[in-house]
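Close look at the chain arrangement
So you can see what is in the structure, the chains are spelled out below.
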Amino acid sequence: MRPALFLLALTAGTAVQASWFGGDNHNNQPAEYTTWSAQELQNWLDAHNVPYPSNTPSQAELQAAVKAHWDSASQWTSEQYNKAQVAFANLKADAFDTWDESRLREFLLEQGVVNPSGTREQLALLAKQKWRQYSSAASAYSQSASRTASSAASQASKSASSLASSASAQASTAIYGDSLHQASKSASSIAALATDNVAVALDDTKDYVYSTWDDNRIRSYLQPPATPRNKLLAKMKETYAAAVTPVYKAWSDSYIHNWLVNHGIVKDSATKRREELLALMDRYYYDTKDYVWDSWSDSQMKAWLVDHGIIKSNAQLQREKMQKLVADNYAHAHDTAWAAWKDSDMRQWLIEHGYLRSDAQKTRDDLVKLMNEKYTDVSARTAAYLTWPDARLRAYLREHGYSDEQLPSTRPGLLQEVRIHWVQTGNRASTLWRHVWDVFDSGVVVAEDKLGQILDILTGGAEGAKEGAKQGAREANEKHQAQKVEL
């Protein structure tokens, strides 16, 4: 009985291969080629280099030729099957319809087809046949291995019962080392492997229950309906508003209009289309944390640092590092302050203070050098507006009565005009501060920042008022302290 059982297990794989594609399978199902058209039969014969009558062969003749070579052309070795598992596991039959001719040929060569030739349609048909052969082989492996494993297990059970009286050592050998047991285990493994590879990859567009849902139903499922509107808006702020650059492109028309009105760029009654509003924002919008170098390219930053002797020309720095170096050195650079001075302004100042003869001929570089040596007002040389972006300079001038047509077109021109009003505003604020201080000098303590806000309202110039307020506060404090000492 043992030899018979052993032979039964060893021949399981052979039985599987013999039943893959032959017409006499266990289900007595007709072979695949019996449903083909005459053209499909000819394509198959051509692909497998099988000769057939050349003078308009009949359907029966073509079928007979295919049948004669079907088994030999279709049977796969174990190595071919294992290789096909890798190639076919995630494919569907209709995938080959989208492949071009070269990809089909390459695929067929990998599957053992010698010199695949023909049209793209013929190559696609042959690839589909290979896919169907693989699917049939996997199914046959699964079914035959399952039957063999079941039969082998039954025979093993009977053998175990008949040998129940044997010694415990022989029983142990039967359990762990018996050839029939190993054959049964191997057949079960083949069945499991074949079953795993029969599965085809799921297609998101059609293979899930929700694949047929419309977009609204999917959105409703993903977005809980009970979410409050304020949370939805907060989420939009995190995703939409935070991603838009520049930031004002996420603003409503009314908010943009109000910003422009508050900065004196348009009148309250002005009505403009969104495109016009955005164009004005491009020209005038600024953030108080913006600096002139923020809009520079990497090459512009490096050129400025090299020109001012801060780094060498061959230095390789990240943008963040260059930004920090510019921020640390820009306000104190030898030419920054004088960009706000015309040549005539510098020349006049030097003549008035006795540093230059009126008939002396000097270049701008010469004038800048003299100004750096002789001009000692540190606050004026490091004024905040020197680092402002162009948009903020324009907005400042608009607040001081300039129309759009009157604004200079270059940065030096903008700086020169801003400097004039900056100094004037600072002087007015300083004078007004002294008057305000005298009013409150009765002993009532008023915070300097509050007084600065008063000056902002009275002068209409926030930036200049702050500087004037600081200067006036210093002078008033000195005067107040002197009065206390005298008392």
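The present account deals with the structure reproduced in this document. Remember, predicted model here, so these are calculated numbers, not experimental data.

A separate point is the environment of Met 371. Note that Met 371 resides in helix 17 (residues 364-374). Exposure remark for Met 371: the relative accessible area of 0% places this residue in the buried category. Residues Met 371 and Leu 350, spaced 21 residues apart in sequence, show a C-alpha to C-alpha distance of 7.5 Å.

Looking at where Ser 211 falls in the secondary structure, it is placed in the loop between helix 9 (179-198) and helix 10 (215-222). In contact with Ser 211, not counting residues within four places along its chain, are Asp 203, Asp 204, Thr 205 and Lys 206.

A contiguous nonpolar patch, built from Leu 202, Tyr 208, Val 209 and Tyr 210 and spanning about 400 Å² of accessible area, is present on the exposed surface. Topologically, Tyr 210 is positioned in the loop between helix 9 and helix 10.

Moving on to the pattern of salt bridges. Once their charged atoms are close, side chains differing in charge can pair, the charge on each being opposite to the other. Considering all chains together, one arrives at 13 salt bridges under this definition. Its salt-bridge partner being Glu 275, residue Arg 273 comes within 3.2 Å of it at the nearest N-O pair. With respect to burial, Arg 273 and Glu 275 carry one shared label: exposed. A salt bridge links Arg 364 to Asp 343, with the shortest nitrogen-to-oxygen separation between them at 2.3 Å. Taken together, the residues span a long stretch of sequence, with Arg 364 in helix 17 and Asp 343 in helix 16 (residues 343-352) at a distance of 21 residues. One salt-bridge network, in which partners are shared between bridges, spans Arg 273, Glu 275 and Glu 276.

It is worth spelling out helix 11 (residues 229-243) at this point. For helix 11, which comprises 15 residues, the first-to-last C-alpha distance of 20 Å matches the rise-based estimate of 21 Å (1.5 Å per residue) to within 8%. At Lys 237, helix 11 shows its largest kink, close to 35°.

On to the packing of helix 14 (residues 298-307) against helix 15 (residues 319-329), then. The relative placement of two packed helices is expressed as an angle between their axes plus a distance between the axes. At a minimum axis distance of 10 Å, the contact between helix 14 and helix 15 shows a crossing angle of 45°. Considered as vectors, helix 14 and helix 15 are oriented oblique to each other. You can see that helix 14 and helix 15 cross each other, and the crossing is left-handed. Of the residues in helix 15, those touching helix 14 at Asp 298, Met 301, Lys 302, Trp 304 and Leu 305 are Arg 319, Met 322, Gln 323, Leu 325, Val 326 and Asn 329. Here the residues of the contact of helix 14 with helix 15 sort into six nonpolar, two polar and three charged.

Conventions and cut-offs
- Residues numbered from 1 in each chain as written.
- Predicted model: local features only at pLDDT ≥ 70, side-chain atom pairs only at ≥ 80, totals over all residues.
- Heavy atoms only, no water.
- Helix = DSSP H or I, 4+ residues; strand = E, 2+ residues; numbered from the N terminus.
- Buried < 20%, exposed > 50% of the residue type's maximum accessible area, 1.4 Å probe, protein only.
- Contact = heavy atoms within 4.5 Å.
- Patch = residues over 30% accessible without salt bridge, like charges linked within 9 Å, V, L, I, M, F, W, Y side chains within 5 Å.
- Areas by Shrake-Rupley, 256 points an atom, 1.4 Å probe, with all protein chains shown as cover.
- Salt bridge = Lys/Arg side-chain N within 4 Å of Asp/Glu carboxyl O.
- Expected span 1.5 Å × (residues − 1).
- Bend = angle between axes of the 7 residues up to and from the residue.
- Axes fitted to C-alpha atoms, helices over the stretch in contact; angles between N-to-C directions.
- Parallel < 35°, antiparallel > 145°, perpendicular 65-115°, else oblique.
- Left-handed = near helix turned anticlockwise from the far one by under 90°.
- Nonpolar A, V, L, I, M, F, W, Y, C, P; charged D, E, K, R; others polar.

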